[in-house]
Amino acid sequence: MTSSDTTVAIIGTGNIGSRLAANLAAGGQDFLLASRDQQTARAIASTLDRHAEVVSVDEAVDRADVVVLATWFDTSKQLITEYGDRLVGKVIVDPSNPVGIGDDGTFHKTIGERESSGQILASLLPDGAHLVKAFGTLSPGTLSAAAHRKPEPAVQFYATDDDAAGTVVAELIRADGYDPIRVGGLDQSIRIESFGDLHEQGGLGRAVTRSEALPAL
Ligand SMILES: NC(=O)c1ccc[n+]([C@@H]2O[C@H](COP(=O)([O-])OP(=O)(O)OC[C@H]3O[C@@H](n4cnc5c(N)ncnc54)[C@H](OP(=O)(O)O)[C@@H]3O)[C@@H](O)[C@H]2O)c1
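So, how was this worked out
Along every chain, residues carry numbers that run from 1 in the direction the sequence is written. Two thresholds apply to this predicted model, a pLDDT of at least 70 for residue-level local features and 80 or more for giving and counting side-chain atom pairs, whereas whole-chain, interface and lining totals are computed over all residues. Values shown for side chains rest on all heavy atoms present in the structure; no hydrogens or waters enter the calculation. A pair of strands is treated as paired once DSSP finds two or more bridges between them. The helix and strand labels rest on DSSP assignments: H or I over at least four residues marks a helix, E over at least two residues marks a strand, and numbering proceeds from the N terminus. Axes here refer to lines fitted to C-alpha atoms; in helices the fit is confined to the stretch in contact. Angles between the N-to-C directions go from 0 to 180 degrees. Only heavy atoms enter the contact rule, under which two residues are in contact if any of them lie within 4.5 Å. Summary of the burial criterion: residues with accessible area below 20% of their type's maximum are buried, those above 50% are exposed, and those between are partly exposed, where the area comes from a 1.4 Å probe applied to protein chains only. Throughout, right-handed denotes a crossover for which the path from the first strand over the helix to the second runs clockwise when the strands point away from the viewer. By salt bridge we mean one thing: a side-chain nitrogen of Lys or Arg within 4 Å of a carboxyl oxygen of Asp or Glu. Neighbouring residues are identified by heavy atoms, a residue being near a molecule or strand if any of them is within 4 Å of it. Two N or O atoms count as a polar contact when they lie within 3.5 Å, although within protein this holds only if one can serve as hydrogen donor and the other as acceptor, and sequence-adjacent residues are included solely when both atoms are side-chain atoms. Here the accessible surface of atoms and residues is derived via Shrake-Rupley with a 1.4 Å probe, and residues count as covered only by protein chains that are part of the display. By the convention adopted, Pro, Cys, Tyr, Trp, Phe, Met, Ile, Leu, Val and Ala count as nonpolar, Lys, Arg, Asp and Glu as charged, and the other residues, Gly among them, as polar.

Next up on the list: the sheet that holds strand 9 (residues 155-160). Strand order across the open sheet formed by eight strands is 3-2-1-4-5-8-9-10, with mixed pairing between neighbours. Edge positions in the open sheet fall to strand 3 (52-55) and strand 10 (179-184), since each of these has one partner strand only. Neighbour to neighbour, the strand axes of the sheet diverge by 25 degrees on average, direction disregarded. One ladder, built from four bridges, connects strand 5 (residues 91-94) with strand 8 (residues 130-134); its direction is parallel. What sits directly across from Val91, in strand 8, is His130. Lying over the sheet, helix 2 (residues 38-45) contacts strand 2 (31-34) and strand 3, oriented at roughly 170 degrees with respect to strand 3.

Okay, here's the thing in structure tokens:
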């Protein structure tokens, strides 16, 4: 769990936001849950044993020290641009995968081959806000199924340029029921996004333990 004076918010209550919320509640982590549609957020929060407080997106941004953007890449870009300087001093957690579906039903990368959504979002943040890439490596089903696994937890990778932000997010990953492994700075985000070698669908094929992950690093 993060320390009691750290307020965590999840913005977005879709596939990833809702599963993250359930995992964090199971790990005893309190958090703010925000979405445009507060009905959905309330329905999710009612199942989470009072760990989630439903708030507006605006209030989540103002109150949280750690903001998880469980939204699509384009929405995350839009939110970062919209909230701008209100994000200074905060840790922004980015699970986004820059993927689209073509007419033939196959997935493709929506940004340059060598680009990562983590680095692009970080470049949009004001000075004093720190981005951590995390929580986007596993499919929603695996994110639920592999959480709080015993006796050996599964790994969640993360990447950041800021040590202090990384420490906070590592605690959040533990509360989520996973063993945190930092893959490096934001220039390594690409490895844990879709098509990356450490992504479930791009490379590893499943949730792995620390001993299984280390040879791949
Ligand atoms: N699904 C996957 O397999 C998967 C796996 C790993 C990582 N990811 C990444 O995780 C992120 C979320 O994916 P998802 O599958 O959870 O998407 P999703 O189910 O479509 O949920 C997106 C959430 O974003 C909210 N949202 C949209 N526009 C918003 C705005 N302007 N302000 C605030 N909230 C807004 C939506 O709220 P409304 O209901 O009001 O539209 C919804 O709650 C994406 O970046 C994705 O790349 C997804």
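What follows picks up the thread again.
Okay, the pairing of strand 2 next. Taking every second residue as pointing to the same face, both faces of strand 2 are buried, with Phe31 and Leu33 on one and Leu32 and Ala34 on the other. Both strand 1 (residues 8-11) and strand 2 contribute to a ladder of three bridges, which runs parallel. The residue bridging Ala9 from the neighbouring strand is Leu32, located in strand 2. Between the parallel pair strand 1 and strand 2, the chain is carried across by helix 1 (residues 15-26), and the sense of this crossover is right-handed. One crossover worth recording links strand 2 to the parallel strand 3 by way of helix 2, and it is right-handed.

Per the counting criterion, the structure on display carries 12 salt bridges. Here Arg63 ties to Glu59 by a salt bridge, and the two come within 2.7 Å at their closest N and O atoms. Taken as a pair, Arg63 and Glu59 lie in helix 3 (residues 57-63) at a separation of four residues, close to a single helical turn. Here Asp163 ties to Arg182 by a salt bridge, and the two come within 2.9 Å at their closest N and O atoms. Here Asp163, found in helix 7 (residues 163-175), pairs with Arg182, found in strand 10; they are 19 residues apart in sequence, far enough to count as distant. The class of Asp163 is exposed, set by a relative accessible area of 53%. Here Arg182 falls in the partly exposed class, since its relative accessible area comes to 32%. It is possible to trace a salt-bridge network through shared partners that takes in Glu53, Glu59 and Arg63.

With that out of the way, let us pick up the side chain of Arg191. Counting through the fold element by element, Arg191 comes out in helix 8 (residues 189-192). Discounting chain neighbours no more than four positions away, the residues touching Arg191 are Gly196, Asp197, Leu198, His199, Ala216 and Leu217.

Turning to the pairing of strand 10, a few remarks are in order. Here five bridges tie strand 9 to strand 10, and the two strands are oriented parallel to one another. Across the sheet, Val155 pairs through a bridge with Asp179, a residue of strand 10. Viewed along the sheet, the connection from strand 9 through helix 7 into strand 10 turns out right-handed.

All right, on to the site of the ligand then. Lining the immediate surroundings of the ligand are 21 residues, of which Thr13, Ile16, Arg36, Thr71 and Trp72 lie closest. A distance of 3.3 Å is found between an oxygen atom of the ligand and a backbone nitrogen or oxygen belonging to Gly14. Within the contact set of the ligand, an oxygen atom lies 2.9 Å away from a backbone nitrogen or oxygen of Asn15. Protein contact buries 78% of the 900 Å² of open area that the ligand shows by itself. Within the residue set of the shell around the ligand, elements represented by two or more residues are helix 1 and helix 4 (73-83). The element best represented in the shell around the ligand is helix 4, accounting for four residues. Counted by class, the shell around the ligand contains 10 nonpolar, 10 polar and one charged residues.

The analysis is restricted to geometry; functional conclusions fall outside its scope.
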